[in-house]
Amino acid sequence: MFFSGGMGLLLRSMTEIPAVEVLNLTKNYGELLAVDHINFDIKRGEIFGFLGPNGAGKTTTIRMITGISIPTQGSARVMGYDIQRQPIEAKEQMGIVPEISNVYNELSAWDNLVFTGRLYDMPKGYRESRAGELLKMFGLYERRSEKVEGFSRGMKRRVCIAMALMNKSSILFLDEPTSGLDVESVLTIRELVRELNQEGLTVFLTTHNIEEANQMCDRVAIINRGRIAAIDTPERLKRTLESLQSVEIAFEKGKANLIGDLKLFPTVNGVIKEGDKFRLLTDDPPTALASAWKYAEVNGLRLITVNTVGPSLEDVFVRLTGIRSTAEEEGGKGKISEAREMGKGREH
Amino acid sequence: MGRSWHRTHLSREVRVAWAIATKDMRTYYVRPPSLMFGVLFPFALFLSFSIGRNTPISTQIPVLIAQTLFFASSSIGPVVIPSERALRTFDRFLTAPVSLLAVLMGKTLAGFIFGVGISVIPIVVGVAFFGTQITSIAALTLCMFLSALGFSAMGIMFASMPGQSPGTVLMPLNFVRIPLLFVSGVYMPIKDLPAWGQVAAMFSPLTHTIELARYGLGGGNFFGPFVNIIVLSAYMVVFLFVGIRFHIMNQRRE
C-alpha cells in the first residue's frame with residue numbers, strides 16, 4: 001500500500017467513485033410510471049449519452065439527478081454526493097443546460113453570467129474574469145452588453161452553456177443541447193463539448209439524435225418507456241446485432257413491383273426503401289448481393305450503387321425499442337417517422 | 001477543477017439571497033402587473049373609499065400606509081415566481097448550491113423592499129402636507145418591517161401553490177386580499193365591529209399592520225402593539241414555511 005488514510009481516500013475518490021451513480025431511480029406522475037427503477041453509473045471523464053425517443057424519460061431522469069425534481073423512489077449521487085441528502089455539495093459539482101435555454105431575457109449576456117456566478121457565491125473579481133473568459137470562448141464577448149432577448153436561438157444556447165460552466169463544474173448535464181439549432185450552431189456546440197471533455201469535464205448528454213450519440217459518446221444508454229434497454233459503447237452495441245447486416249443497392253431505372261421482387265431474394269429478411277436506394281436486410285450479404293446482380297441481369301436493369309452496411313446505432317435502437325416494427329404492425333406512420341427522425345443526420 | 005471561493009454556509013446563503021433579490025428588483029419592479037397591483041391598486045382603493053368621507057386625511061394616513069404595504073409587498077412574488085417557473089429560470093435556483101429557504105428569502109426580500117419603498121410615500125406626504133405626527137418611530141418601523149416581510153412571504157406562498165400558471169395566481173390572492181380589507185378595521189374601527197367581526201379581525205394580518213401604524217402615528221390601538229408584533233411575526237414565519245412546503249410539493253409533482 002503506497003497510500004493510506006486521507007491520501008488513500010482522496011485517491012479513491014479521484015479514481016473509483018463514479019461521476020454519477022443512479023440507483024433504482026423512479027418517477028411516477030399519478031398513475032403514469034415515467035421512469036421505472038433505472039440503474040446506471042457514469043465514469044469520470046466520459047461523455048455518456050442518454051438516448052431515447054420523446055417521452056422516454058430522459059428529461060425526467062436528468063431533472064431528478066440534478067435536484068430539480070424529487071424522485072418517487074431511488075437515489076442519485078453526483079461525484080459521490082447524494083442529491084437529496086447532500087444537495088449543496090452535489091450541486092457545487094454540476095453545471096446544467098436544460099432542454100429550453102433558460103436564460104434571463106431581460107438581462108445582458110454579461111449580467112446573465114455574472115448573476116450565475118453570484119448564485120454560486122463566486123467572489124466579484126473571479127466571477128467577472130470567468131464571465132469574460134467564457135464569453136470570449138463562446139464568441140459572445142463583443143455582444144456582452146446586449147439584452148439576451150435579441151439573440152438568436154443558437155446564441156441563447158451558447159449563453160446557457162456558458163452559464164453552466166461558470167462554476168468550473170466537474171460534470172456538465174446537457175439536455176438535448178443541439179435540438180432545433182442550425183447546422184453551424186450544432187457543429188460549434190459539439191466541438192466545444194468535445195474540447196471541454198478533453199480537458200477532463202464529464203458530460204451527461206441526453207439526445208434523441210442517434211448520430212449525435214454515435215459521434216460524441218463514449219457510452220450510450222438507450223431508454224424507452226422509462227426503462228433502460230441497454231448500456232454500452234456505441235460500437236459494442238452495434239456488435240450485439242451482427243446478424244442484422246444489410247446490402248444497399250440502387251438501380252438506374254425503376255421497375256414495377258420492385259420491392260416485392262427484392263423481398264423474394266434468398267436470405268433477405270426485409271427490404272427498406274431509403275430514397276432511391278433499397279436496403280436488403282440479411283444475415284448473408286454475399287448471397288443477397290449475388291441475387292441482386294442476377295436479378296439486374298435477367299431484368300435488363302443496371303445497378304449503380306452497391307454497398308454492404310453493418311448494423312448502425314439506429315438499428316440497435318429500433319431493435320431494442322421496437323419503434324419501427326410496432327409502427328409497421330399497427331400500419332401507422334407516426335412511429336416510423338419518429339424512428340427516422342431519430343436517425344437523421346446518419347452518414348452511410 | 002477546484003473551487004476555493006466558498007465561504008461559510010450562512011454568509012453564503014445571505015449573499016445568494018441578496019443576489020436573487022437584486023436581480024428581481026432590476027427585472028420585475030417596473031413590470032406592468034407590479035405597478036398596477038402594487039402601486040395603482042392600493043392608492044385607487046384608498047381614494048375610492050376616502051373621498052367624500054368626513055374624516056380628516058391625517059387620520060386616514062395609517063390606512064394608506066397599511067394598504068400600500070399590503071398590496072405592494074404581496075404583488076412581487078406572484079409576478080416573479082410563476083413567470084420564472086414558466087420560463088424554467090426558477091430551475092436555476094433549484095440547481096444552485098443554496099437552500100430553498102435562501103431562495104425564498106431572496107424573493108421575499110424583493111417584495112419587502114418594494115413594499116417599504118412604496119409605503120414611505122404616504123408617510124412623507126402625511127408628515128409634510130397633512131400634519132401627521134410620528135409618535136413612536138419604533139412601532140412604525142416594526143410595522144413596516146414585519147408587515148412588508150409577512151405580506152411579501154404571503155405573495156410568494158400564493159405564487160408557489162401547486163398547479164398555478166402566471167395568469168391565474170393573482171386571482172386566488174385577490175380572493176383573499178380584498179375580503180381582508182373588510183375585516184381588518186380599514187373602513188370601520190375594530191371596536192365598532194360585532195363580536196364575530198372582532199374575532200375575524202384578530203386573525204387578519206392586515207388588522208395588525210393598521211393597528212401598529214395607527215399606534216406609531218399617535219392613534220388608538222384595539223389589540224395592543226405587543227399582540228400586533230407577535231401576530232405579524234407568526235404570520236411571516238407561517239407564510240414562508242408554507243411557501244417552502246408548496247415548492248417541495250411542486251418538486252415532487254414535476
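It should be emphasised that the depicted structure is a prediction, and the values quoted were computed from it without experimental measurement.

### As for the interface of chain A and chain B
Logical step 1: With 25 residues of chain A at the interface, the matching set in chain B holds 24 residues.
Logical step 2: Residue assignment for the side of chain A that touches chain B shows that the elements contributing at least two residues are helix H3 (87-92) and helix H4 (109-119) of chain A.
Logical step 3: A breakdown of the residues in the side of chain A that touches chain B according to their chemical character gives 13 nonpolar, 6 polar and 6 charged.

### With respect to the pairing of strand S12 (residues 268-274) of chain A
All names here are of chain A.
Logical step 1: In terms of strand pairing, S12 meets strand S13 (residues 277-282) through 6 bridges, oriented antiparallel. Among the inter-strand pairings, Ile272 is bridged to a residue of S13, identified as Arg279.
Logical step 2: Hairpin geometry of S12 and S13 is characterised by an intervening segment of 2 residues between the two adjacent antiparallel strands and by a positive phi of about 65 degrees at Gly275.

### Some points on the domain arrangement of chain A
Residue and element names in this part refer to chain A.
Logical step 1: By the assigned domains, chain A splits into domain 1 (15-234) and domain 2 (239-342).
Logical step 2: Between domain 1 and domain 2, the contact holds 12 residues from the first and 8 residues from the second.
Logical step 3: When residues of the side of domain 1 that touches domain 2 are traced back to their parent elements, those giving at least two are helix H8 (210-216), strand S9 (219-224) and strand S10 (227-232).
Logical step 4: Element by element, the count of residues in the side of domain 1 that touches domain 2 is highest for H8, at 3 residues.
Logical step 5: Grouping the constituent residues of the side of domain 1 that touches domain 2 by class yields 8 nonpolar, 4 polar and no charged.

### Considering the nonpolar core
In summary, soluble globular proteins display a tendency toward joint burial of nonpolar side chains.
Logical step 1: Counting 145 residues, the largest nonpolar core has A:Leu113 and A:Phe204 as its most contacted members.
Logical step 2: Tallying contributions element by element places helix H6 (residues 137-159) of chain B first for this core, with 14 residues.
Logical step 3: Per-domain counts for this core show at least three residues from each of domain 1 (15-234) and domain 2 (239-342) of chain A.
Logical step 4: Counting 11 residues, the second largest nonpolar core, distinct from the first, contains A:Phe265, A:Val268, A:Phe278 and A:Leu289.

### Details of the sheet that holds strand S3 (residues 47-51) of chain A
Residues and elements named next belong to chain A.
Logical step 1: The sheet built from 6 strands is open, its strands ordered S6-S7-S8-S3-S9-S10 with mixed pairing. Bordering the open sheet on either side are strand S6 (94-97) and S10, each of which pairs with just one other strand. If you compare each strand with its neighbour and ignore which way they point, the axes differ by 15 degrees on average.
Logical step 2: Of the strand pairs in this sheet, S9 and S10 are connected by 5 bridges, and their pairing is antiparallel. By the bridge assignment for S10, Ile223 is matched with Ile228.
Logical step 3: Contacting S6 and strand S7 (171-175), helix H6 (residues 153-165) crosses the sheet at an angle of about 165 degrees to S6.

### A word on unusual backbone geometry
Logical step 1: Of note, the phi angle at A:Met79 is positive, near 50 degrees, even though the residue is not glycine.
Logical step 2: Turning to its location among the elements, A:Met79 is positioned in the loop between strand S4 (73-78) and strand S5 (81-82).
Logical step 3: One non-glycine residue, B:Arg88, lies in positive phi territory at about 65 degrees.
Logical step 4: Along the polypeptide, B:Arg88 turns up in the loop between helix H3 (57-86) and helix H4 (90-94).
Logical step 5: Overall, the presence of 16 C-beta atoms within 10 Å leaves B:Arg88 in the partly exposed class.

### A short note on the sheet that holds strand S11 (residues 245-251) of chain A
All names here are of chain A.
Logical step 1: What the 4 strands build is an open sheet, ordered S12-S13-S11-S14; its pairing is antiparallel. Whereas interior strands pair on both sides, the edge strands pair on one side only; in this sheet they are S12 and strand S14 (303-309). Ignoring which end each strand starts from, the neighbouring axes of this sheet average 20 degrees apart.
Logical step 2: Pairing between S11 and S13: 5 bridges, direction antiparallel. Considered in S13, the bridge of Glu248 is made with Arg279.
Logical step 3: Strands S11, S12, S13 and S14 of the sheet are contacted by helix H11 (residues 285-298), whose axis makes an angle of about 15 degrees with S11.

Rules of the game
- Residues numbered from 1 in each chain as written.
- Chains lettered and ligands numbered in written order.
- Predicted model: local features only at pLDDT ≥ 70, side-chain atom pairs only at ≥ 80, totals over all residues.
- Contact = placed C-beta atoms within 7 Å.
- Helix = DSSP H or I, 4+ residues; strand = E, 2+ residues; numbered from the N terminus.
- Nonpolar A, V, L, I, M, F, W, Y, C, P; charged D, E, K, R; others polar.
- Pairing = 2+ DSSP bridges.
- Domains from an automatic or database assignment.
- Core = buried A, V, L, I, M, F, W, Y, C linked by C-beta atoms within 7 Å.
- Buried ≥ 20, exposed ≤ 12 C-beta atoms within 10 Å, placed from the backbone.
- Axes fitted to C-alpha atoms, helices over the stretch in contact; angles between N-to-C directions.

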